[in-house]
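# Examination of the molecular architecture
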Amino acid sequence: MGKWGFFVTFEGIEGSGKTTLAKGLYDYLKSNSFKTILTREPGGTKEAEEIRRVLLKVGNSLDPVTELLLMLAARRENVYKKVLPALRETYIVISDRFDDSSFAYQGFGRGLELKFISRLNKVATGGLKPNLTFLVDIDPEAGFSRIKTKELDRFEREDLEFHTRVRRGYLILAKRAKKRIKVLDGSRSPEELLSEVIEVTLERLSQKGLNKFKLEG
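The notes below deal with the structure included here. (Residues numbered from 1 in each chain as written. Predicted model: local features only at pLDDT ≥ 70, side-chain atom pairs only at ≥ 80, totals over all residues. Heavy atoms only, no water.)

What follows concerns the packing of aromatic side chains. Overall, the coordinates contain five aromatic pairs when judged by the stated rule. A ring pair is formed by Tyr-105 and Phe-155, whose centres lie 5.8 Å apart and whose planes are at 90 degrees; its orientation type is edge-to-face. A residue pair is termed long-range when its members are at least 10 positions apart, and Tyr-105 in helix α4 (residues 99-109) and Phe-155 in the loop between α6 (140-147) and α7 (160-176) qualify at 50 residues. Phe-155 matches Tyr-105 in its accessibility class, with the two residues each being buried. Aromatic rings pair up to connect Tyr-105, Phe-155, Phe-162 and Tyr-170 into one cluster. The lysine or arginine in question, Arg-75, covers the ring of Phe-98, its NZ or CZ lying 5.5 Å from the ring centre. The ring of Tyr-80 has Arg-76 sitting right over it, with the charged end atom 4.2 Å from the ring centre. (Phe/Tyr/Trp six-rings, centres within 6.5 Å; stacked < 30°, edge-to-face > 60°. Helix = DSSP H or I, 4+ residues; strand = E, 2+ residues; numbered from the N terminus. Buried < 20%, exposed > 50% of the residue type's maximum accessible area, 1.4 Å probe, protein only. Lys NZ or Arg CZ within 6 Å of the ring centre and 35° of its normal.)

In structure tokens:
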């Protein structure tokens, strides 16, 4: 395969703090001269961001399979136009959500068959998997207490039972992929969590040859 980058993803339920941590890791790596980009799901490209608006718009009533297909369409746009080109250039790619979200939300949350999701997801990603995933685990009630002052999107407006299923799904996924998924206690302070995220990421990078991810010059 030759030189290849490093793919880090962040997962968690609403209000977990994953977005803040993804941005924090990106800022740290950028300030330390690492080649890195930050993206998100659904989104990351112009077309994928347009799909995101449909998925998150309050009032849109989507069949679970339709919701999954839209997520996967946005993912394919992001993967093939942004993520893969960066990995080929040995960038560290940081993504706020990736394919674990589909299994957690549309699988455990909506009740779609996991094998069905897996087959379609391979089409969307070409089989791409993260090198490292941080799952920020938090009780759904605690997560909602953090976002109650903002205008909630379509997923954030789902009931507590839905988000409890999503959280349980994430924890099941983490048990199945212990080497890849690092579970973080989302009740800890953002500073503590970011420190752990940076430490774990640098350790994983060093195992692959950290210097090759540095900017030249």
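What follows deals with the pairing of strand β4 (residues 132-137). Counting buried residues in β4 gives six out of six residues, a clear majority hidden from the surface. Covered by surrounding structure in β4 are Leu-132, Phe-134 and Val-136 together with Thr-133, Leu-135 and Asp-137, the residues of both alternating faces. Relative to β4, strand β1 (residues 6-11) runs parallel, the two being bridged by four bridges. Its bridge partner lying in β4, Thr-9 is registered against Thr-133. Two strands pair when backbone bridges link them, and β4 and strand β5 (residues 181-185) are joined in this way by five bridges, in the parallel orientation. By the bridge assignment, Thr-133 is partnered in β5 with Ile-181. (Pairing = 2+ DSSP bridges.)

On to the sheet that holds β1, then. Taken together, five strands build an open sheet; the order of strands is β2-β3-β1-β4-β5 and the sheet is parallel. Every interior strand has two partners, whereas the edge strands, β2 (36-40) and β5, have only one. Here the strands of the sheet are splayed against their neighbours by 20 degrees on average, with no regard to which way each runs. With respect to the sheet, α7 is in contact with β1, β4 and β5, its orientation differing from that of β4 by roughly 140 degrees. (Axes fitted to C-alpha atoms, helices over the stretch in contact; angles between N-to-C directions. Contact = heavy atoms within 4.5 Å.)

Turning our attention to the packing of helix α2 (residues 46-56) against helix α3 (residues 64-88). The contact between α2 and α3 brings their axes to 9 Å, and the two run at 160 degrees. Classified by the interaxial angle, the pair formed by α2 and α3 is roughly antiparallel. Here α2 and α3 pass one another in a crossing that is left-handed. Two secondary-structure elements touch here, α2 through Glu-47, Ala-48, Ile-51, Val-54 and Leu-55 and α3 through Glu-67, Leu-70, Met-71, Ala-73, Ala-74, Glu-77 and Lys-81. A breakdown of the residues in the contact of α2 with α3 according to their chemical character gives eight nonpolar, no polar and four charged. (Parallel < 35°, antiparallel > 145°, perpendicular 65-115°, else oblique. Left-handed = near helix turned anticlockwise from the far one by under 90°. Nonpolar A, V, L, I, M, F, W, Y, C, P; charged D, E, K, R; others polar.)

Let us now look at the side chain of Asn-121. Within the secondary structure layout, Asn-121 lies in helix α5 (residues 114-125). Taking relative accessible area as the criterion, Asn-121 reaches 4% and is therefore assigned buried. Of note is the side chain of Asn-121, whose polar atom sits 3.3 Å from the side chain of Asp-99. Apart from residues no more than four positions distant in its own chain, Asn-121 is found in contact with Leu-72, Arg-75 and Asp-99. (Polar contact = N/O pair within 3.5 Å; in protein donor to acceptor, adjacent residues only side chain to side chain.)

In terms of nonpolar packing, the biggest core is built from 25 residues, with Ile-13, Tyr-105, Val-166, Tyr-170 and Ile-181 touching the most fellow members. Contributing elements (two or more residues each) for this core: α2, α3, α4, α5 and α7. Residues within four places of Tyr-170 in sequence aside, it is in contact with Glu-11, Gly-12, Ile-13, Arg-97, Asp-100, Ser-101, Ala-104, Tyr-105 and Leu-135. Among the nonpolar cores identified, the runner-up in size contains 20 residues, and Leu-21, Leu-25, Val-200 and Leu-205 belong to it. (Core = buried A, V, L, I, M, F, W, Y, C linked by side-chain atoms within 4.5 Å.)

Keep in mind that these numbers describe shape and distance, not what the molecule does.
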